[in-house]
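Close look at the chain arrangement
Residue strings, one per chain:
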Amino acid sequence: MPIRENIAANLRRLCKDHASVSAVCRELRINRTQFERYLQGQTVPNKATAKLICDYFRIDEAELYQDPGGPEAGVPGLPPASESLFAQLIRPPSPSIAGGTYFTYFSIPDRPDLLVRAVTFVRRDAELVTFRRVTGWSERRGSTWARARGNHYGVAIARLNWIYFSGVNRRQTGEPSLISVQWAPISEPVLIGKAMLLTESGPAFVSVIMRQEVANIGAREAIRMAHVVRLDDPGVDQLVVSLTRDGVK
């Protein structure tokens, strides 16, 4: 198979894990028409563009050019490391969480009057639970957190009565994140716990609250709501406000 066809097939596979080809092009800052030529096998990226693409998808350059139908390199008799790790991640039990849209609130160090509101889309496929968590831009220009845009994809697992959301930012920063939550001992269904996030000043451990959105807000509207909010904003979930002020952050 010609190299350009290998690249096309591999790029189509890699793009499937993203919201859209247009989103990939925006984040890569590559012209959509030109990127489509790569996807159709009409041309190949130059060396600089290939490196940019590989850095974005977090792959080695050889993986971009390899035959997509060929066997993966590995030690004879042993499964590829990625397969072994993934098998451990998704082994039972499955998390006790329904698929749907969840607003996820993060505390901000030294700013008790503010929360970062992200939106998490949870998907159940039999026993496998995956998610996408988006944090958009905020109108608050004074907060560095407000400018930290996130587009995390990952898997949710259950261990010892905790649900872990382990993901990687699909933006070029590529940083990992880990959220550990459990159902709060109250009548309302809400998840509370801690999160490890990467900020401009380094890793930070913050409090987190997750609550499912049941008002049937569309995905685009939910993403527009994913930014820094004030606790005194009447549009913020009042249960989240109460839990935050009571110290259950």
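Let us look at the structure shown here. Nothing here was measured: the structure is a model prediction, and the numbers come from that model. (Residues numbered from 1 in each chain as written. Predicted model: local features only at pLDDT ≥ 70, side-chain atom pairs only at ≥ 80, totals over all residues. Heavy atoms only, no water.)

**Looking at the nonpolar core**
Of all hydrophobic cores here, the largest spans 23 residues; its most connected members are Ile97, Phe106, Phe165 and Val181. In this structure, Ile97 is in contact with Tyr102, Val122, Arg124, Val129, Ile163, Phe165, Trp183 and Leu191, ignoring residues within four places of it in sequence. The next biggest cluster of nonpolar side chains, apart from the first, holds 20 residues, and it includes Met225, Val229, Val236 and Val241. (Core = buried A, V, L, I, M, F, W, Y, C linked by side-chain atoms within 4.5 Å. Buried < 20%, exposed > 50% of the residue type's maximum accessible area, 1.4 Å probe, protein only. Contact = heavy atoms within 4.5 Å.)

**As for helix 2 (residues 21-28)**
What helix 2 keeps buried is the set Ala23, Val24, Cys25, Glu27 and Leu28. Buried residues belonging to helix 2 abut helix 1 (3-15), helix 3 (32-39), helix 4 (47-57) and strand 4 (150-159). In the segment just after helix 2, Arg29 is the residue with positive phi, at about 60°. (Helix = DSSP H or I, 4+ residues; strand = E, 2+ residues; numbered from the N terminus.)

**Regarding the pattern of salt bridges**
Scanning the entire structure with this criterion turns up 10 salt bridges. In this structure, the salt-bridge partner of Lys47 is Glu61, at a minimum N-O distance of 3.1 Å. A residue pair is termed long-range when its members are at least 10 positions apart, and Lys47 in helix 4 and Glu61 in helix 5 (residues 61-65) qualify at 14 residues. The exposed category is assigned to Lys47, whose relative accessible area is 61%. In this structure Glu61 comes out as partly exposed when scored by relative accessible area, which is 26%. (Salt bridge = Lys/Arg side-chain N within 4 Å of Asp/Glu carboxyl O.)

**With respect to the packing of aromatic side chains**
This model, assessed by the stated rule, comprises three aromatic pairs. Ring geometry for Tyr56 against Phe57: centres 4.9 Å apart, planes inclined by 80°, an arrangement best described as edge-to-face. This pair shows no difference in class: Tyr56 is buried, exactly as Phe57 is. Both rings, one in Phe131 and one in Phe165, keep their centres 5.3 Å apart while their planes meet at 80°; by these two values the pair is edge-to-face. You can see Phe131 sitting in strand 3 (residues 128-135) and its partner Phe165 sitting in strand 5 (residues 162-169), a full 34 residues away along the chain. (Phe/Tyr/Trp six-rings, centres within 6.5 Å; stacked < 30°, edge-to-face > 60°.)

**Section: the packing of helix 1 against helix 3**
Two elements in contact, helix 1 and helix 3, have axes whose closest approach is 7 Å; the angle formed by their N-to-C orientations is 115°. Contacts from Ala8, Leu11, Arg12 and Cys15 of helix 1 reach helix 3 at Phe35, Tyr38 and Leu39. Considering only residue class, the contact of helix 1 with helix 3 consists of six nonpolar, no polar and one charged. (Axes fitted to C-alpha atoms, helices over the stretch in contact; angles between N-to-C directions. Nonpolar A, V, L, I, M, F, W, Y, C, P; charged D, E, K, R; others polar.)

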